[in-house]
Amino acid sequence: MHGVLLSELVRTSDAVSLASGRRVKIDEIAGLLRRAAPGEIPVAVAFLSGELRQRQIGVGYAALGGLLRADLAAGSAPPGGAPAAGAPGPDPGARPLTVGETDSVFASIGATTGAGSQVGRRRLLGALFARATPAEQSFLTRLLAGELHQGALEGVMVEAVARAAGVPGGEVRRALLFGGSLPAVAEAALSAAGEAPTDAAAKAALAALRAFRLQVGRPLRPMLAASAPTVAAAFGRVSPAAVEWKIDGIRIQVHRQGREVRVFTRTLDDITPRLPEI
């Protein structure tokens with residue numbers, strides 16, 4: 001397994017964005033996941049889902065705007081834009097960025113705190129963008145801004161993981177319910193399966209997925225309601241049914257083991273310190 005270059009992931013992202021059919025999107029992502037090294041699998045899943053593994057790293061529009069202004073002043077391509085005429089690209093002698101390296105830079109940016117942290121984050125981000133091609137800069141800008149709208153929604157990603165591992169999609173969804181994190185579930189399944197899809201690999205992936213069980217202290221994914229075309233169709237599937245008033249507040253799940261209590265939001269954030277009364 002040779003690992004995945006950022007440019008490969010960007011090409012996959014573009015292909016997914018251009019594809020109109022769900023099956024094509026799933027095949028494109030599954031193909032990339034099969035080529036990924038075990039440690040890169042959760043990064044690839046997160047990036048293609050339009051997320052960072054670190055959730056938030058302290059980089060917002062101000063930092064991205066600063067890079068944009070600096071690139072325009074230097075006459076080079078703005079992050080997320082087309083290269084200026086005759087603008088220099090990355091150093092031809094520089095090593096291409098890998099998915100793993102990019103994730104490591106994001107982790108370093110997120111870990112930069114204290115006095116001078118804003119300057120430090122911008123320096124790390126600037127160094128990353130300096131190594132990136134214009135296409136990679138565009139991808140990274142949209143990823144950091146939360147605007148990577150390419151159709152790789154969770155349902156597509158779940159099926160892509162299942163396709164790459166050679167297992168039914170329902171097995172991945174079950175593991176996701178108990179594991180909480182799709183990148184972690186994908187890493188477990190695909191690391192067990194290996195690169196070549198065989199019957200033995202599929203059995204190993206299935207065993208890895210079924211190892212995810214209810215664990216007190218690890219939040220469960222919320223089970224979302226399915227949609228129906230009409231009210232009558234909904235009552236046909238769920239009957240008898242009841243209706244209740246929705247009261248303002250937040251949905252939480254509470255885990256208790258002995259004297260230890262932890263409280264999680266529906267997005268699986270641990271908010272225990274914020275709710276001592278619970």
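Refer to the structure printed above.
Residues numbered from 1 in each chain as written. Predicted model: local features only at pLDDT ≥ 70, side-chain atom pairs only at ≥ 80, totals over all residues. Heavy atoms only, no water.

Chemist: An account of the pairing of strand β2 (residues 260-265) is needed here, citing residue identities and associated values.
Modeler: Inspection of the sheet shows strand β1 (residues 252-257) paired to β2 by six bridges, in the antiparallel sense. Following the sheet pairing, Arg-256 is matched in β2 by Val-261. Following β1, the chain reverses through two residues before pairing antiparallel with β2; Gly-258 in that reversal takes a positive phi of roughly 65°. (Pairing = 2+ DSSP bridges. Helix = DSSP H or I, 4+ residues; strand = E, 2+ residues; numbered from the N terminus.)

Chemist: Go over the layout of surface pockets, please, and point to the residues and values.
Modeler: The gaps of empty space that remain are located by a probe, the size of a water molecule, rolled over the atoms. Space inside the largest pocket adds up to approximately 1400 Å³. For the lining of the largest pocket, the secondary-structure elements that each account for two or more residues are α3 (41-48), α7 (134-144), α8 (154-165), α9 (169-179) and α10 (182-193). With four residues, α8 is the single largest residue contributor to the lining of the largest pocket. For the lining of the largest pocket, a count of residues per class yields 22 nonpolar, 13 polar and nine charged. (1 Å grid on protein atoms, 1.4 Å probe; cavity = no way out; pocket = protein on both sides within 12 Å on 5 of 7 lines; lining within 4 Å. Points joined across faces, edges and corners; volume = space filled by probe spheres on them. Nonpolar A, V, L, I, M, F, W, Y, C, P; charged D, E, K, R; others polar.)

Chemist: Go over the nonpolar core with me, naming the residues and quoting the values.
Modeler: Residues Leu-9, Phe-47, Phe-106 and Val-172 are the most contacted members of the largest nonpolar core, which totals 58 residues. The element best represented in this core is α8, accounting for eight residues. Apart from residues no more than four positions distant in its own chain, Phe-47 is found in contact with Leu-9, Leu-52, Val-99, Thr-102, Asp-103, Phe-106, Phe-139, Leu-143 and Leu-148. (Core = buried A, V, L, I, M, F, W, Y, C linked by side-chain atoms within 4.5 Å. Buried < 20%, exposed > 50% of the residue type's maximum accessible area, 1.4 Å probe, protein only. Contact = heavy atoms within 4.5 Å.)

Chemist: Help me get a handle on the packing of α9 against helix α11 (residues 199-210), residues and values and all.
Modeler: Contact geometry for α9 and α11: axes closest at 9 Å, N-to-C directions at 30°. Compared by their axis directions, α9 and α11 come out roughly parallel. By crossing handedness, the relation of α9 to α11 is classed as left-handed. Packed against α9, whose contacting residues are Glu-171, Val-172, Arg-174 and Ala-175, the element α11 presents Leu-206, Leu-209 and Arg-210 at the interface. (Axes fitted to C-alpha atoms, helices over the stretch in contact; angles between N-to-C directions. Parallel < 35°, antiparallel > 145°, perpendicular 65-115°, else oblique. Left-handed = near helix turned anticlockwise from the far one by under 90°.)

Chemist: A description of the pattern of salt bridges should follow, citing residues and the corresponding values.
Modeler: Scanning the model with the defined rule gives ten salt bridges in all. In this structure, the salt-bridge partner of Asp-103 is Arg-53, at a minimum N-O distance of 2.7 Å. Linking Asp-103 in helix α5 (residues 99-111) with Arg-53 in the loop between α3 and α4 (61-74), this pair joins segments that are 50 residues apart in sequence. Overall, the relative accessible area of 5% leaves Asp-103 in the buried class. The partly exposed category is assigned to Arg-53, whose relative accessible area is 42%. Note that Arg-210 and Glu-171 form a salt bridge whose closest N and O atoms lie 2.7 Å from each other. One end of the pair, Arg-210, is in helix α11; the other, Glu-171, is in helix α9, and 39 residues separate them in sequence. Using a relative accessible area of 42% as the deciding quantity, one classes Arg-210 as partly exposed. (Salt bridge = Lys/Arg side-chain N within 4 Å of Asp/Glu carboxyl O.)

Chemist: A description of the packing of helix α2 (residues 22-35) against α3 should follow, citing residues and the corresponding values.
Modeler: Viewed as axis vectors pointing N to C, α2 and α3 meet at an angle of 155°, and their least axial separation amounts to 9 Å. The angle between α2 and α3 places the two elements in the roughly antiparallel class. Two packed elements cross with a definite hand, and for α2 against α3 that hand is right-handed. Each of Ile-29, Leu-32 and Leu-33 in α2 lies in contact with α3, whose residues at this interface are Ile-41, Ala-44, Val-45 and Leu-48. Of the residues assigned to the contact of α2 with α3, the class counts are seven nonpolar, no polar and no charged.

Chemist: Could you give me a rundown of a nonpolar patch on the surface, with the residues and numbers involved?
Modeler: Side chains of Ile-250, Ile-252, Val-254, Val-261 and Ile-278 sit close together on the surface and give an oily, nonpolar patch of about 410 Å² of accessible area. Here Val-261 lies in strand β2. (Patch = residues over 30% accessible without salt bridge, like charges linked within 9 Å, V, L, I, M, F, W, Y side chains within 5 Å. Areas by Shrake-Rupley, 256 points an atom, 1.4 Å probe, with all protein chains shown as cover.)

Chemist: Residues and numbers for the side chain of Glu-171, please.
Modeler: Judged by its relative accessible area of 15%, Glu-171 falls in the buried class. When near neighbours in sequence (up to four residues on either side) are disregarded, Glu-171 contacts Leu-206, Leu-209 and Arg-210.

Chemist: Requested: an account of the environment of Ala-30, with residues and values cited.
Modeler: Tracing the sequence through the fold places Ala-30 in helix α2. Sequence-wise, Ala-30 and Val-158 are 128 residues apart; in three dimensions their C-alpha atoms are separated by 9.9 Å.

Remember that the coordinates give geometry; whether it matters functionally is a separate question.
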